[in-house]
Amino acid sequence: MHAITGVDFMKATEGDFQRMYYCSPPGGKACGAPPCTCSKPPCHTCYGGSGPPKKRPGCDQGSFSRSIACVPPKKPLEYNGMQWPTMTFMGRQEMHI
């Protein structure tokens, strides 16, 4: 809730809950309209007034921007032929990834 409205659910107003359901509807069914008032305006945005998240480096360049590293497939079978980029993890101890 904090990422969407900018406030904790214990301090949220009715408008903040409406904003949360407007931006991130459960089951994909939006409530229709943004609230008229909320704790952190503008109330029609979905990032708590802080703007959209930044894209990962390289995700704004040509065909790579459609790779699985930048945008997850919408359906399971859209993974066909895609592969994750090589990942490395620092450290020498046993890791469960």
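Scope of this entry: the structure provided in the associated data block. Predicted, not measured: the structure shown is a model, and the values here were computed from it. (Residues numbered from 1 in each chain as written. Predicted model: local features only at pLDDT ≥ 70, side-chain atom pairs only at ≥ 80, totals over all residues. Heavy atoms only, no water.)

Once that is clear, we can look at the state of the cysteines. Within this structure, the stated rule accounts for two disulfides. At a sulfur-sulfur separation of 2.1 Å, the disulfide partner of Cys23 is Cys46. Classification of the bridge connecting Cys23 and Cys46 rests on its S-S torsion, roughly -80°, and on that basis the disulfide is left-handed. Here Cys23 is found in helix α2 (residues 14-23), whereas its partner Cys46 is found in the segment after α2, with 23 residues between them in sequence. Each disulfide pairs two cysteine sulfurs, and for Cys38 the partner residue is Cys43, the sulfurs being separated by 2.1 Å. Sign of the S-S torsion, about -100° for the bond between Cys38 and Cys43, identifies this disulfide as left-handed. By the burial criterion, Cys38 is buried, and Cys43 matches it. Looking at the unpaired Cys36, the closest cysteine sulfur is the one in Cys43, lying at 8.3 Å. Classification of Cys36 by relative accessible area gives exposed; the value is 81%. (Disulfide = S-S within 2.5 Å. Helix = DSSP H or I, 4+ residues; strand = E, 2+ residues; numbered from the N terminus. Buried < 20%, exposed > 50% of the residue type's maximum accessible area, 1.4 Å probe, protein only.)

As a further point, take the environment of Gln83. Mapped onto the elements of the fold, Gln83 is located in the segment after α2. Since its relative accessible area comes to 68%, Gln83 is described here as exposed. Sequence separation between Gln83 and Ser67 is 16 residues, and the spatial gap between their C-alpha atoms is 8.3 Å.

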